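# Observations on chain architecture
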Amino acid sequence: MESEPERSAIRIIAENRRGVLRDIATIVADHDANIVMINQEVFDSGPYIGLAELYFEYESAEVRDHDRLISDLNSIASVRDVRSYQPFGHIFGSRVIIIGGGAQVAQVALGAVNEADRHNIRGERISVDTIPLVGERTLALAVDAVARLPRASILVLAGSIMGGDISKAVDRVREAGIPVIALRMAGTVPDHADLVVTDPIQAGVFAVMHISSKAVFDINRVRGREF
């Protein structure tokens, strides 16, 4: 059997100028590594203000000398610092995303955090991200963005009324392969979700149980149901 490619992570501090990303990608490719996730931004405060941070995760069954890769990246004239880390997936793991009204979001998070604690104590990695928002357009944009979040594994919508463009965004998130749980609420969102739950705490528990590698709950077996 072929072994799964090893995933590693590197953080680079470099000058903020054109061509740096090209130079970095060229060296990574020369080491037969495949970049699978990348994030880049410019520091606006702290000791690296004005410099660029580039974090990327890569896979390769061929790269054996990671120290050589780091050394070659350090040889780029515009690079100031290179360090290797564990990938985010090994640290924060799969992500439960909770979006909606503040009071409902807090209750869903209560259930999700308590359930995640039970799993993480046993070696899993499940994290919970929340953002309280109001307004149809604002919520629709946030829901659409979930499909672009790294390691987002499930979305819970918590509110009193949601519909319109939010429902369309829910459809797009589900098409991207991310299941959606909605609280029982007014509006059309519950009709578009995979699962509708009345109790917000239970909704958070269900979300964590679905993405856990050790739990037996599977949202696919109860899709379309209300609890």
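Everything in this summary refers to the structure shown in the same document. (Residues numbered from 1 in each chain as written. Predicted model: local features only at pLDDT ≥ 70, side-chain atom pairs only at ≥ 80, totals over all residues. Heavy atoms only, no water.)

### A few points about the overall build of the chain
What counts is decided by this rule: By definition, any uninterrupted DSSP run of H or I lasting at least four residues is a helix, any uninterrupted run of E lasting at least two residues is a strand, and each is numbered from the N terminus. Residue burial is assigned from relative accessible area. The probe radius is 1.4 Å, only protein chains are included, and a residue is buried under 20% of its type maximum, exposed over 50%, and partly exposed in between. Only heavy atoms enter the contact rule, under which two residues are in contact if any of them lie within 4.5 Å. The protein chains shown are the only cover counted for residues, whose accessible areas, like all others here, come from Shrake-Rupley with a 1.4 Å probe. Positive charges are assigned to Lys and Arg, negative charges to Asp and Glu, while His and the chain termini are left out of the count. The atom standing in for a charge is NZ when the residue is Lys, CZ when it is Arg, CG when it is Asp and CD when it is Glu.
Helices and strands together make up the secondary structure of the chain, namely eight helices and nine strands. Overall, the C-alpha framework of the chain stretches about 60 × 45 × 30 Å when taken along its three principal axes. A total of 227 residues make up the chain; the buried ones form 44% of that total. The contacts in the chain between residues at least 6 apart in sequence include a share of 71% that link residues at least 24 apart. Here the chain has roughly 12300 Å² of accessible surface; of this, 49% comes from carbon and sulfur atoms. With 24 positive and 31 negative side-chain charges, the chain shows a spacing of 3 Å between the two charge centroids.

### As for the packing of aromatic side chains
The geometry of an aromatic ring pair comes down to the distance between the two centres and the angle between the two planes. Put simply, the rule reads: Planes of paired rings set the category: under 30 degrees apart is stacked, over 60 is edge-to-face and the rest tilted, where pairs are Phe, Tyr or Trp rings (Trp by its six-membered ring) whose centres lie within 6.5 Å.
Enumeration over the complete set of coordinates arrives at six aromatic pairs. Aromatic side chains F206 and F217 sit 4.7 Å apart centroid to centroid with 15° between the ring planes, which places their arrangement in the stacked category. In this pair, F206 sits in helix α8 (residues 200-211) while F217 sits in the segment after α8, placing the two residues 11 residues apart along the sequence. With respect to burial, F206 and F217 carry one shared label: buried. Grouped by ring-pair contacts, the aromatic residues Y55, F88 and F92 constitute a single cluster.

### Looking at the pattern of salt bridges
Going by this rule: We define a salt bridge as a contact between a side-chain nitrogen of Lys or Arg and a carboxyl oxygen of Asp or Glu at a distance within 4 Å.
Tallied over the full model, the rule gives 14 salt bridges. A salt bridge links E53 to R11; its shortest N-O distance comes to 2.6 Å. Here the residue E53 occupies a position in strand β3 (residues 52-60), and R11 occupies one in strand β1 (residues 6-14), the gap between them amounting to 42 residues. What makes E53 buried here is its relative accessible area of 14%. Judged by its relative accessible area of 22%, R11 is partly exposed. Residue D194 pairs with R223 through a salt bridge whose shortest N-O separation is 2.5 Å. Placement of the pair is D194 in the loop between α7 (189-192) and β9 (195-197) and R223 in the segment after α8, with a sequence separation of 29 residues. One connected set of salt bridges, linked through shared partners, spans R7, E57 and E59.

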